[in-house]
Amino acid sequence: MRYAVIGDIHGNLEALQAVLEDVDEQGVDEILCVGDVVGYGADPEACLELVSEGCSTVVTGNHDYAVAGQSSLESFNPYARRALQWTAERLSADAQQVLAEFPLTAQMNGFALVHSSFFAPERFDYIFAPSQARVSFLKQDVPLAFFGHTHLPVSFFNTQPITYSLEPEISLDPQTKTLINVGSVGQPRDEDARASYAIYDSESRVVTLRRVTYNIEQAAERITRAGLPEILAERLFLGR
Ligand code: ZN
């Protein structure tokens, strides 16, 4: 099986469409999503529709969780909070219900999905460093898992001590638990403005992190025209 794993779309329809086209060209059997479909971008409802139609499994992200009323907005920075309020006001009741039904984690054939960390996933802790990955590995029961949240593509390996790789192609070692951040479709933060996602081939046991160019100008203009904070448009060009 070939899986595409997407995440952190954040209402960026232009980026999502470009990624789905690339996924099509790559020939995959299933698309999975590690959450944060909404928040920051100007097209939350359209993104949610595409993700709901196209993905076999979606786990919730902290922005999805907040818009669905499952957590308070207090932990978000002012720009994120304003975008979340804007999103909650515009999403239909049906769409909010769809968000509310996303699980915190999901497990399929030998691998799992989470937005942030397997350790208390409802806390949405960040995994930037090996020490934080170590805590998540304690609760990861399968050899392979995918996550998002930091918007930084990286692979962590449960070796002694924990190691990591920024390589775009990872050959999986079945003896070593691996946790892979697929990067962000709609708001990359690793100073590469292109949309990011992963392809996992379960036969060759290779994960490939792909980057896709998209129409950033248009996505940024939509944010500006929607009256969302200007910084949310500007950062798309910088990829941070
Ligand atoms: Zn996010």
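Here the structure is shown first, and the text comes after it.
Because the structure is a prediction, the values reported are computed rather than measured. (Residues numbered from 1 in each chain as written. Predicted model: local features only at pLDDT ≥ 70, side-chain atom pairs only at ≥ 80, totals over all residues. Heavy atoms only, no water.)

What am I meant to see in unusual backbone geometry here?
Of all residues except glycine, most have a negative phi; of all peptide bonds, most are trans. In the segment running from Q160 into P161, the intervening peptide bond is cis, with an omega of -5°. As for its position among the elements, P161 is in the loop between β7 (154–157) and β8 (163–165). At D8, a position not held by glycine, the phi torsion is positive, near 45°. Considering the arrangement of structural elements, one finds D8 in the loop between β1 (2–6) and α1 (13–26). Even without being a glycine, Y40 presents a positive backbone phi close to 80°. By the secondary structure assignment, Y40 is in the loop between β2 (30–33) and α2 (44–54). (Helix = DSSP H or I, 4+ residues; strand = E, 2+ residues; numbered from the N terminus.)

Looking at this model, I keep getting lost on the pattern of salt bridges. Mind explaining?
Here the idea is simple: oppositely charged side chains can pair when their charged atoms come close. Enumeration according to the criterion identifies 11 salt bridges in this entry. Across the salt bridge formed by R123 and D125, the nearest N and O atoms sit 2.6 Å from each other. According to the relative accessible area criterion, D125 is partly exposed, its value standing at 26%. The closest approach of N and O atoms between E221 and R225, which form a salt bridge, is 2.4 Å. Taken together, the residues E221 and R225, both in helix α7 (residues 216–225) and 4 residues apart, mark about one turn of the helix. One network of salt bridges, with partners in common, ties together D190, D192, R194 and R211. (Salt bridge = Lys/Arg side-chain N within 4 Å of Asp/Glu carboxyl O. Buried < 20%, exposed > 50% of the residue type's maximum accessible area, 1.4 Å probe, protein only.)

Please explain the pairing of strand β5 (residues 111–114) as it appears in this structure.
For a regular strand, side-chain orientation follows a simple rule: the groups alternate between the two sheet faces. Residues of β5 alternate between two faces, with F111 and L113 on one and A112 and V114 on the opposite face, all of them buried. Bridge count for strand β4 (residues 105–107) against β5 is 3 bridges, and the pairing is antiparallel. Following the sheet pairing, A106 is matched in β5 by L113. The hairpin turn running from β4 into β5, its antiparallel successor, is 3 residues long, and G110 in that turn takes a positive phi close to 80°. As paired strands, β5 and strand β6 (residues 144–147) are joined by 3 bridges and run parallel to one another. If you follow F111 over to β6, its bridge partner there is L144. Read as a crossover between parallel neighbours, the route from β5 over helix α6 (residues 130–137) to β6 is right-handed. (Pairing = 2+ DSSP bridges. Right-handed = clockwise from strand over helix to strand, strands pointing away.)

Honestly, the sheet that holds β6 in this entry has me stumped. Any pointers?
Strands belonging to one sheet form pairs held by backbone hydrogen bonds; the direction of such a pair is parallel or antiparallel. Spatially, β4-β5-β6-β10-β7-β8 is the arrangement adopted by the 6 strands of the open sheet, whose pairing is mixed. Looking along the sheet, the strands with just one partner apiece sit at the ends: β4 and β8. In this sheet, adjacent strand axes meet at a mean angle of 20° when their direction is disregarded. Sitting on the sheet, α6 is in contact with β7, β8 and β10 (178–181), with an inclination near 60° to β7. (Axes fitted to C-alpha atoms, helices over the stretch in contact; angles between N-to-C directions. Contact = heavy atoms within 4.5 Å.)

It is not clear to me how the side chain of S184 should be interpreted in this structure. Could you clarify?
You can see S184 is positioned in the loop between β10 and β11 (195–201). We classify S184 as buried; its relative accessible area is 0%. Contact partners of S184, with chain neighbours within four places excluded, come to G7, D8, H151, A195 and S196.

Would you mind going over the environment of R134 with me for this structure?
Within the secondary structure, R134 is located in helix α6. Residues R134 and F156, spaced 22 residues apart in sequence, show a C-alpha to C-alpha distance of 8.9 Å.

So what exactly am I meant to see when it comes to the packing of α7 against helix α8 (residues 230–238) here?
In a pair of packed helices, the angle between the axes and the distance between the axes together describe the arrangement. Look at α7 against α8: their axes get within 8 Å of each other, and the N-to-C directions meet at 170°. Considered as vectors, α7 and α8 are oriented roughly antiparallel to each other. Seen from α7, the contacting residues are I216, E217, A219, A220, I223 and T224; seen from α8, they are E230, L232, A233, L236 and F237. Looking at the contact of α7 with α8 residue by residue, the class counts come to 8 nonpolar, 1 polar and 2 charged. (Parallel < 35°, antiparallel > 145°, perpendicular 65-115°, else oblique. Nonpolar A, V, L, I, M, F, W, Y, C, P; charged D, E, K, R; others polar.)

Looking at this structure, I do not really get the nonpolar core. What am I missing?
For soluble globular proteins, the rule of thumb is that nonpolar side chains tend to be buried together. Among the nonpolar cores identified, the biggest contains 47 residues, and I6 and V37 are the most heavily contacted of them. Per element, the largest residue contribution to this core is 6 residues, and it comes from α1. Not counting chain neighbours up to four residues away, the residues in contact with I6 comprise L16, V19, I31, L32, C33, V34, C55, V182, V185 and Y197. Among the nonpolar cores identified, the runner-up in size contains 20 residues, and Y3, V34, L113 and V182 belong to it. (Core = buried A, V, L, I, M, F, W, Y, C linked by side-chain atoms within 4.5 Å.)

By themselves, these figures tell us nothing about what the structure is for.
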